[in-house]
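Here's the letter readout for the chains.
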Amino acid sequence: MGVSTSRNEHCRPLQSPITICTKKVKYDSCLKPLYIYYDPKSTRRLVNLGHCFNVEYDDTSDRSVLGEGPLIGYYRLRQFHFHWGSSDKDGSEHVIDGQEYPAELHIVHWNAQKYPSFNEAMKHPDGLAVIGVLLKIGEPNPAIQNIIDNLDQVKTKDKECPFTQFNLSSLLPNDRNYWTYQGSLTTSPYLECVTWIILQEAIPISSDQLHHFRGLLCSSENEDPSFILENHRALQPLAARVIRSSCK
Ligand SMILES: COc1ccc(CNS(=O)(=O)c2ccc(S(N)(=O)=O)s2)cc1
Ligand SMILES: [Zn+2]
């Protein structure tokens, strides 16, 4: 039985997010380039969940998929969302060499080749694959502006609106090198069902665009207004995990 520093770590050694120390990652020449195909026509809706907003996709067929990389088979795109902080100083969930980024994009996929449903896939270590993209303060991001222009329609918790024809690939950096490790959902129920794929190049977002994220409400229409000022989880112990890199 492994020695643990805390009861939690012993019981739940595969939690996310974690800090990535680039000097300790292990280059794995068996890791393949990522295969990513996102069909804009599979975009369906924008929804305010109260702790974040999701852009959701039609995942009833393999119209938008992630494959290769560290994965076995292809995973179906389900949704993407962001995590952010109360200021531009923090907000990402993963931290790179001690550097926190102001926000992080999570693109969520599930193993529809092996499991009959998303909810079933969440019960297995190879059930989900999430691409994490770090965001850095820079020029306004036109693709993110397209989303922000629709946030007024989902201002309060549980509001949703149609959102179609979004070019998700435009949110991916040119460099597709990545770090990968086995982890968990970073929100409840924190299930240890995620192959994390963290891209090594950050994408830009402007400070003003981030400010709009913080303008979303976690309260519903008939409650006193309360803003989603931040929604990033604290760092979790790496425990006995090794983070692999797709490049030296
Ligand atoms: C039915 O009850 C349910 C249904 C769905 C969920 C999780 N939802 S989810 O998979 O989309 C994600 C949550 C957090 C994610 S993160 N930040 O790790 O990428 S992904 C929970 C309970
Ligand atoms: Zn997330």
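Values in this document were obtained by computation on a predicted structure and should not be read as measured data. (Residues numbered from 1 in each chain as written. Chains lettered and ligands numbered in written order. Predicted model: local features only at pLDDT ≥ 70, side-chain atom pairs only at ≥ 80, totals over all residues. Heavy atoms only, no water.)

### Overview of the pairing of strand S3 (residues 34-37)
Next, step 1: Taking every second residue as pointing to the same face, the buried face of S3 carries Leu34 and Ile36, while none of Tyr35 and Tyr37 on the other face is buried.
Next, step 2: Note that S3 and strand S6 (residues 65-68) share four bridges and pair antiparallel. Considered in S6, the bridge of tyrosine 35 is made with glycine 67. (Buried < 20%, exposed > 50% of the residue type's maximum accessible area, 1.4 Å probe, protein only. Helix = DSSP H or I, 4+ residues; strand = E, 2+ residues; numbered from the N terminus. Pairing = 2+ DSSP bridges.)

### As for the coordination of the zinc ion (ligand 2)
When a metal carries six donors in an octahedron, the ideal angles between them are 90 or 180 degrees, while four donors in a tetrahedron ideally lie at 109.5 degrees.
Next, step 1: Surrounding the zinc ion (ligand 2) are the protein donor atoms His81 (NE2), His83 (NE2) and His106 (ND1), at 2.0 Å.
Next, step 2: Angles of 96 to 116° at the metal separate the four donor atoms of the zinc ion (ligand 2), which places the site in the tetrahedral class.
Next, step 3: All donors to the zinc ion (ligand 2) come from one chain, and their sequence spacing reads H-x1-H-x22-H. Remark: histidine 106 occurs in strand S9 (residues 103-110) and histidine 81 occurs in strand S7 (residues 75-84); sequence separation between them is 25 residues.
Next, step 4: For histidine 106, a relative accessible area of 2% gives the class buried. (Donors = N, O, S within 2.8 Å, 3.2 Å for Na, K, Ca; no water. Tetrahedral: all angles 85-135°; square planar, octahedral: opposite > 155°, others 65-115°.)

### A word on helix H3 (residues 142-151)
Next, step 1: The set of residues buried in H3 consists of Ala143, Ile144, Ile147, Ile148, Asn150 and Leu151. Projected down its long axis, H3 shows its buried positions confined to an angular sector of 165°, all on one face. Residues of H3 that are exposed and point over 90 degrees away from its buried face: Pro142 and Asp149.
Next, step 2: Sitting at the amino-terminal end of H3 is asparagine 141, which places a side-chain oxygen 3.1 Å from the backbone nitrogen of alanine 143. (Arc of directions from axis to C-beta. Polar contact = N/O pair within 3.5 Å; in protein donor to acceptor, adjacent residues only side chain to side chain.)

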